[in-house]
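# Coordinates in review
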Amino acid sequence: MLTQRIEAIRQNYVNTKPQISCERAKIWTDSHRETEGQPVAIRRARAFYDCCDRLGVHIFAGELVVGAIGEFRKCGILTPEFSWMWVDREMDTFDTRPQDPYRMTDDQRAFVRREIFPYWKGKSLEEAFLARLPEDTYRIGVDTGVLDNDSKWRQAVGEITPDYQDVLFKKGFGGILREAEDHLAALDPTNPEDLSKREFYTSVCWTSRGIIRYANRYAQAAEAMADQEKDPVRAQELRRIARNCRRVPEHPPESFYEAIQFLWFVQVGGILSENPLSLNPGRFDQYMAPYYEADLAQGTLDEAFAQELVDALWLKYSEWVWTISANTADYFAGYNQFQNLTVGGKRRDGKDGTNPVTYLALKATEEVKTHQPGLSVRVQADCPKEFLDAVTHLVSKGTGFPAIHSDSVGYQMLLNAGYAPEDARDWNNCGCVVPHYRKTGEWTAAVNMNFGSALEYALNEGKSLMTGRQMGLAERPAETFRTFEEVEAAFYRQFDFLCRHAVIMTLEAQRLHQEMVPRPFLSSCIEHCMESGKDLSQGGAKYTIGPVITGIGLAVVANSLAAVKKLVFEDGVCTMAELAAAHAVKYLGQSLEHKPGAGLHGGLVAAGENEHCGNDHQAGQKGDAGIEDLNLGNRFFNTGFLFHIRATGDHNSHGQRHGVEHLPHSAQHRVDGEPGEIGDQIEFNTLQRAGQGAGIYAHSDAQHDQNRHHKLVSGFDAALYAAEDDNKGNDAENSQPEHRLKGLSDKAAEI
């Protein structure tokens, strides 16, 4: 059971909308005005130091673990050096946007437009990326939902696990500072090869001094608060907090409590330096267990207080809010920063690593019920039954955690990637589900590629069905395909085309990160960067992995190709001409002539039409779902008999609503959000209608939306035509579209 303190903090978290702080952006901008002409790595390191030195110190009510990135408890920050343009376009509707809204005041908006954005005009990573991108790549790759990598040019890379075992807990940042100073002293200023190393180690000196300064300021604040505190218990807590902050992260931690505080200071440093995705705590139970066991043996810690500290850390992980564009939020919904924390699994020596801290982590996730950290467990053949029981118990609570991973599969993946066996055995998860290791520089989520678009373009002469624009390669009309092999070849031509532009986008983004946004603070947390004198962005880690293209809709496209092969070329249910006509249908009310025994030739998903495509009122009368408009940057693809549907309120990227009034009553409340929910998401869970000629799939891509409970919307009068069996096909009454829709709706309700 949660303590009263933790429950109060949790309630504040649950009932508070995230707020934007402009503090970091102001300090970062002021610092850059003061360092014009200096090397970029040193300028970024100086800006980090200035943030640590000038940022407001905020110790919130009841906190045991301290450190804030802004003046608000549930807080997001702005990073204009990466991107300010999307913020300028979107911040007027931050409060009202359907996915992941933020609170931002009119005064804040006026301030950043007056004081922050003008300085960064022409200097941001986003502007450089867009300026260098070839026109044809820009057309298909910027805010289209076809190729998406804006999290790599509007944001930092992230995807890093600080090395607590061999670097941070062994040396502290005081030790890292001394190491950097020793390296600097050994360099020859007349050697050209040492110039970049000199910049690197100088930048690490600045960031190390910065995070130490940040902690000391919190120590001073805690001492001052303790002197004014009338509650003797809280005053004692504040003095303990002050002692912790005096010691860590400058020095190696000596207690479980100090180690917990050290962890959060490192997260704060990563956030202030680049606001990254996937800043992973790593194998929490492995590096925390020695402190827990030592404190228990000395009688300075009991299990109850240890649990409260872990609970407090979980809430700190959740109170940081990743500030992202509406387009990125569609892919990474739920304020999810993907701070993946891993427990269980084998140790480096091959023995089971489960320990008491493993269970503290599982219990914290069960009781705190926050979306962060993203808890992963490693399960292997000889793990304890007690551990498996605890894992399945947590699963039964319906939180969506933990993510369960095969220990041997993660090991084999890293082994295949060239890792040493003991390093591969020591893997943790990165971000969503990526086996990773703490001595790695990773670039995993390089591009999200919409596989469905390749099939859409193959069957529509390279054009978008939603906009009519030429997006893919020019292709012959679909009705001219005479064999399935020709269809398949057309798909692969478009697929290769998308891959090519995905690579172009990624290479440009990687080059710009090296040039414009080196990572001195996080590089100092990685052993081999310090040894080599190279930044993470320059490949300084022991292992460098990526980039990786993430496929969206793979299974759906495979099903669709199989349906084309079956319906057209094997069973002759319809011709390619008929299928192409069905493919072009854009809203209910337009259908092909019903064929006895065939249903609607090939199985057609006809989805809602909004104001950009025709008469949505007429469509709505027939059960139109009101689908988002791809042309306004939303994630939606149509391949004729499959749809990739997100229906979180049916908003476009400008916050306007289309077609929601036409939703059946049984589903509309899910769009608007039930009490206590924020825009609950409609999901169509792969509905498959059996019967001759069936081939209809509606699928919701929810692979990144870890913190929501996805529901099948039963009773939803979805715009789906199903192939009927022979008897129904010959029934005049049942052949009417209204009856076929009603039957499918009833079937969905049964499911």
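Note that the structure is a prediction, hence the values are computed from the model and not measured.

Before going further, it helps to spend a moment on the confidence of the model for the protein chain. With 78% of its residues at a pLDDT of 70 or more, the protein chain has an overall mean of 81. In this model, residues 586–751 is a region of pLDDT below 50 whose contacts with residues beyond four sequence positions or in other chains number 365 contacts.

Core analysis: the biggest nonpolar cluster contains 129 residues, and Phe 173, Phe 256, Phe 284 and Met 288 have the highest contact counts within it. No other element matches the 13 residues that helix H9 (residues 195–228) contributes to this core. Other than its neighbours up to four places away in sequence, Met 288 contacts Phe 169, Phe 256, Ala 259, Ile 260, Leu 263 and Val 357. Counting residues in each nonpolar core, the second largest holds 49 residues, with Val 447, Phe 451, Met 576 and Ala 580 among its members.

What follows is about the environment of Arg 493. Here Arg 493 is to be found in helix H20 (residues 484–516). According to the relative accessible area criterion, Arg 493 is partly exposed, its value standing at 38%. Between the C-alpha atom of Arg 493 and that of Tyr 457, which follows or precedes it by 36 residues, the distance is 9.7 Å. Not counting the four nearest positions on each side in its chain, Arg 493 is found in contact with Leu 473 and Glu 475.

What follows deals with the sheet that holds strand E3 (residues 147–148). Read from one edge of the open sheet, three strands run E3-E11-E13, paired in mixed fashion. Edge strands, defined here as strands with exactly one partner in the open sheet, are E3 and strand E13 (548–552). Against the sheet, helix H19 (residues 451–458) makes contact with strand E11 (445–450) and E13, and its axis sits at roughly 35° relative to E11, the strand it touches most. Set on the sheet, H20 makes contact with E3, E11 and E13; between it and E11 the angle comes to about 155°.

We now examine the sheet that holds strand E4 (residues 282–283). The strand order across the open sheet formed by four strands is E4-E5-E6-E7, and the pairing between neighbours is parallel. Among the strands making up the open sheet, the edge pair consists of E4 and strand E7 (403–406). Relative to strand E5 (residues 340–344), E4 is paired through two bridges, and the arrangement is parallel. The partner of Gly 282 across the bridge, within E5, is Leu 341.

Per the counting criterion, the structure on display carries 53 salt bridges. Residues Arg 247 and Glu 258 are paired through a salt bridge, measuring 3.6 Å at the closest nitrogen-oxygen approach. Remark: Glu 258 occurs in helix H11 (residues 256–274) and Arg 247 occurs in helix H10 (residues 232–247); sequence separation between them is 11 residues. A relative accessible area of 11% means that Glu 258 is categorised as buried. Among the ionic contacts, a cluster of salt bridges with common partners joins Asp 163, Asp 166, Lys 170, Arg 283, Arg 348, Asp 423, Asp 426, Arg 438, Lys 439, Glu 527 and Lys 542.

Moving on, we get to the pairing of E5. The side chains of a regular strand alternate between the sheet's two faces. In terms of burial, E5 is a largely internal element, five of the five residues being buried. Relative to strand E6 (residues 374–379), E5 runs parallel, the two sharing five bridges. The partner of Thr 342 across the bridge, within E6, is Ser 376. Taken together, E5, helix H15 (residues 356–368) and E6 constitute a β-α-β crossover, and its handedness is right-handed.

All right, on to unusual backbone geometry then. With the exception of glycine, most residues fall at negative phi, and the peptide bonds are largely trans. Cis geometry marks the peptide bond from Gln 372 to Pro 373, where omega comes out at -5°. Tracing the backbone shows Pro 373 in the loop between H15 and E6. Phe 401 connects to Pro 402 through a cis peptide bond whose omega is -5°. Summarising the element assignment, Pro 402 is placed in the loop between helix H16 (385–396) and E7. In this structure, Glu 159 takes a positive phi of about 55° despite not being glycine. Mapped onto the fold, Glu 159 is located in the loop between E3 and helix H8 (164–186). A relative accessible area of 4% places Glu 159 in the buried class. The phi dihedral of Asn 275 falls on the positive side, at around 50°, and the residue is not glycine. Here Asn 275 is to be found in the loop between H11 and E4.

Conventions and cut-offs
Residues numbered from 1 in each chain as written. Predicted model: local features only at pLDDT ≥ 70, side-chain atom pairs only at ≥ 80, totals over all residues. Heavy atoms only, no water. pLDDT = per-residue confidence, 0-100. Contact = heavy atoms within 4.5 Å. Core = buried A, V, L, I, M, F, W, Y, C linked by side-chain atoms within 4.5 Å. Buried < 20%, exposed > 50% of the residue type's maximum accessible area, 1.4 Å probe, protein only. Helix = DSSP H or I, 4+ residues; strand = E, 2+ residues; numbered from the N terminus. Pairing = 2+ DSSP bridges. Axes fitted to C-alpha atoms, helices over the stretch in contact; angles between N-to-C directions. Salt bridge = Lys/Arg side-chain N within 4 Å of Asp/Glu carboxyl O. Right-handed = clockwise from strand over helix to strand, strands pointing away.

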